[in-house]
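The lines below spell out each chain.
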Amino acid sequence: MRDWEGEAGWDQTGVSLLPELRYPSVPELVASAQALAAQEPGLCTLRQVGLSRAGRPLHLLSVGHARRAVLVVAGAHANEPAGGSTLRALARRVLAERELRAGVSWHFLLCADPDGAALHVTPAPRSLLDYHLGFYRPTGAEQPEWSPSVLPPDRLPPETRTLTGVIDELRPYLQVTLHGTDLGGSWVQLTKDVPGLAEPFAKSAAQLHIPVETGASDAAGWPASGPGVHVMPGPETGAAYPSMPDDARNSTWYHAHRYGGLTAVVEVPMWASDLVDDPAPHPAPAAAIRRLAQRLLRDAREVEWVLAEALPRLDGADGPLLRAARWALELIPGLAEDWIHTPPAGTTMAYVGSVDAFGRRLPLRAAAMLLRVLRESDDRAAPRLERLVAAWSEAFGERFRARWVPLDHQVEHQSRTVLLAAQQAREQAEG
C-alpha cells in the first residue's frame, strides 16, 4: 500500500505543492504527451489510434513495454474535465517512478471524445453558473463509453470503435476511466471487486478534504465493498431506474472482461458537498423522492416551454447542443416515473441527497445547452433562460453548501485511486 506522506512534491498532509490552476485543453494534453515521448523515446510512444466523427485525432500515450497493461481513459464525458489533468499528472509520475513500471506498461488515451471537449468550454470555472454557461454533454448515442447500450454494433461511433480496439490490442488487466461530478463527493464504480481499495481510497479523500459519496445515485442498488466503492451487479439484477437507456452493463466498461480484466470508474467532484456522505437513515425516503420527482417534472416543463416558443425561430436547427438539450428533456418523464413508482434503491440521507442533485442537474443542463443555442441565434427567449440558469445554479450551490475543490486536490485524489487500483488489481490477478 502506498503512503503519500513525505513523497517528493508533497507536504506532510499529503497536499500537492505544485498546484494546477486550470483544466488543460486537448491540444495542451497532446503537447504534454509529445514532450514526454521526446524526453524518453525508448520508453514512451505517442501515436494516433483513431479519428472522431469530426475528424479530430485520438491519441494514445504508452509508457513501458511490459505485456501486463493498465489503460487509463480521460475525456469520455465532455463536461468532466478533471480527467485530462489527472491523466497528465499520472503519465509524468509513471515516467518518473521506475517502480510503477515494474512489470507493467501504462497506456493513456488522452481524450475519448475530442469533439465533445471542443464544445464544453469552461477550463477554469469560477462558479456553478460559470460552469453551466459553457456546458455541453452529448446524447447517450454520441458518448463513446455509453453508445453500445443504446445503439446496435453496426452504428457505433468511431470513438467507441477506437476505444474497444485499443482494449482488444492491449488486453489490460485494468482499465481506469476518469470521470467527475460537478457537485458532490468522490466514489468508485468497479466491474469486479478490488479487495483492499476502500480503506486507502477513504484515507486519501479525507487527507484532501473531499467527501466520499456513500449513496451515489449513479450506483443506485449496487453492492458496496466499502464506503463509496461500488461493484456493478450482474445481468440478473434489474436496473434501479428502468427508464434510463444507458445501462452500465452494456457499456465499454465490460469490454476488458473479454481478456480477464476489469474496469474502475473513478469519480471526483469539482465542488464538494459534505451532505453526500451522511449514512444516517432518511426518515421518509420514498416521500422525499416523490417530491423530488414532482420538482423534476416542474423544472423540465419550464425549459420545454422556452424550447417550444423558440423552436419555430431556430429554422430546423439540429446541432449537437440542441440535440443534447432535447435528449436530456426526453429522459425526464421516465425518470420521474421511476422515482414515483419504484421503491427507493437507497434509504440514507446521502442517497436522497444524491437523487436531489441528479434531479437538479438534468433540467439545468438542458436549460444551459439550450441557452447557448439561443444566444448563438440572438433569440429573444435567451434572457428568460439566462435568469433560469442563474437561479438554478445558485440554488444548487446553496442547497448543497458547495465549496470548490482545488484542482490539484481533484487530480491527486484521482491519481492516488488509480495507482491503488492498479496495485490491488494486480495483486488480485497474481493471486
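Only a predicted model underlies this, so the values are computations on that prediction, with no experimental measurement involved.

Asker: Looking at this structure, I do not really get the overall build of the protein chain. What am I missing?
Answerer: The helix and strand tally for the protein chain stands at 11 helices and 10 strands. Over its C-alpha trace the protein chain gives a radius of gyration of 21 Å, about what one expects of a compact globule, namely 22 Å for 431 residues. Taking the principal axes of its C-alpha atoms as reference, the protein chain extends roughly 60 × 50 × 45 Å. The 431 residues of the protein chain split such that 59% are buried. By sequence separation, contacts in the protein chain at least 24 residues apart represent 80% of the contacts at least 6 residues apart. Per element, the accessible surface of the protein chain, about 17,100 Å² overall, is 53% carbon and sulfur.

Asker: Sorry if this is basic, but what is going on with the packing of helix α7 (residues 285-310) against helix α9 (residues 349-376) here?
Answerer: How two helices pack is summed up by the angle between their axes together with the distance between the axes. For the pair α7 and α9, the least separation of the axes is 9 Å and the interaxial angle reads 5 degrees. Classed by the angle they form, the pair α7 and α9 counts as roughly parallel. Here P285, A288, I289, L292, R295, L296, D299, A300, V303, V306, L307 and A310 of α7 come into contact with α9, specifically with Y351, V352, V355, D356, G359, R360, L362, P363, A366, A367, L370 and L374. Residue classes in the contact of α7 with α9 are distributed as 19 nonpolar, one polar and four charged.

Asker: Whenever I open this one, unusual backbone geometry confuses me. Can you help?
Answerer: The phi angle of most residues is negative, glycine excepted, and most peptide bonds adopt the trans form. The phi torsion at H209 lies on the positive side, around 60 degrees, for a residue other than glycine. Looking at the secondary structure, you find H209 in the loop between α6 (198-207) and β7 (224-226). Residue H209 is classed as exposed on the basis of its relative accessible area of 52%. Not every positive phi belongs to a glycine, and D378 is a case in point at roughly 50 degrees. If you trace the backbone, D378 turns up in the loop between α9 and α10 (382-399).

Asker: What exactly am I supposed to notice about the pattern of salt bridges here?
Answerer: Once the charged atoms of two side chains with opposite charge are near each other, the side chains can pair. A complete count under the given rule lists 22 salt bridges for this structure. Here E97 makes a salt bridge to R93, at a shortest N to O gap of 3.2 Å. Residue E97 is classed as buried on the basis of its relative accessible area, which comes to 18%. The salt bridge involving D182 is made with R365; its shortest N-O contact spans 3.5 Å. Pair noted here: D182 is in strand β5 (residues 174-184) and R365 is in helix α9, with a separation of 183 residues, a long-range link.

Asker: Just checking my understanding: could you explain the environment of A124 for this structure?
Answerer: Along the polypeptide, A124 turns up in the loop between α3 (114-119) and α4 (128-133). Sequence spacing of A124 and L21 is 103 residues, and the spatial spacing of their C-alpha atoms is 7.5 Å. Excluding anything up to four places from it in sequence, A124 contacts L21, R22 and D130.

Asker: Explain the confidence of the model for the protein chain here, please?
Answerer: Low-confidence regions, as indicated by low pLDDT, have predicted coordinates that should not be scrutinised in detail. The share of residues in the protein chain with pLDDT of 70 or more is 94%, and the mean pLDDT across the chain is 92. Low pLDDT, under 50, characterises residues 1-18; the predicted model gives this stretch 39 contacts beyond four residues in sequence or across chains.

Asker: Can you help me understand the packing of helix α1 (residues 26-39) against helix α2 (residues 82-96) in this one?
Answerer: At a minimum axis distance of 10 Å, the contact between α1 and α2 shows a crossing angle of 5 degrees. Put simply, α1 runs roughly parallel to α2. The segment α1 lies against α2, with E28, L29, S32, L36 and Q39 engaging G84, R88, A91, R92 and L95. Residues belonging to the contact of α1 with α2 are distributed by class as follows: four nonpolar, three polar and three charged.

Asker: What is the right way to look at the side chain of H132 in this model?
Answerer: Secondary-structure assignment places H132 in helix α4. Owing to a relative accessible area of 0%, H132 belongs among the buried residues under this scheme. Beyond its immediate chain neighbours, meaning those up to four positions away, H132 contacts D182, L364, A368, V389 and S393.

Asker: What am I meant to see in the packing of aromatic side chains here?
Answerer: The geometry of two aromatic rings is summed up by the distance between their centres and the angle between their planes. This structure, assessed with the given rule, holds nine aromatic pairs. Arranged with centres 6.5 Å apart and planes meeting at 70 degrees, the rings of Y241 and W339 form a pair that is edge-to-face. Highlighted residues: Y241 in the loop between β8 (229-231) and β9 (262-272) and W339 in helix α8 (residues 320-341), separated in sequence by 98 residues. What makes Y241 buried here is its relative accessible area of 10%. Here the aromatic cluster, defined as three or more aromatic residues joined through ring pairs, consists of Y131, F135, W271 and W404. Across from the ring centre of Y173, 5.8 Å away, lies the NZ or CZ of R68, which sits over that ring.

Cut-offs used in this document
Residues numbered from 1 in each chain as written. Predicted model: local features only at pLDDT ≥ 70, side-chain atom pairs only at ≥ 80, totals over all residues. Heavy atoms only, no water. Helix = DSSP H or I, 4+ residues; strand = E, 2+ residues; numbered from the N terminus. Rg over C-alpha atoms; globule rule 2.2 N^0.38 Å. Buried < 20%, exposed > 50% of the residue type's maximum accessible area, 1.4 Å probe, protein only. Contact = heavy atoms within 4.5 Å. Areas by Shrake-Rupley, 256 points an atom, 1.4 Å probe, with all protein chains shown as cover. Axes fitted to C-alpha atoms, helices over the stretch in contact; angles between N-to-C directions. Parallel < 35°, antiparallel > 145°, perpendicular 65-115°, else oblique. Nonpolar A, V, L, I, M, F, W, Y, C, P; charged D, E, K, R; others polar. Salt bridge = Lys/Arg side-chain N within 4 Å of Asp/Glu carboxyl O. pLDDT = per-residue confidence, 0-100. Phe/Tyr/Trp six-rings, centres within 6.5 Å; stacked < 30°, edge-to-face > 60°. Lys NZ or Arg CZ within 6 Å of the ring centre and 35° of its normal.

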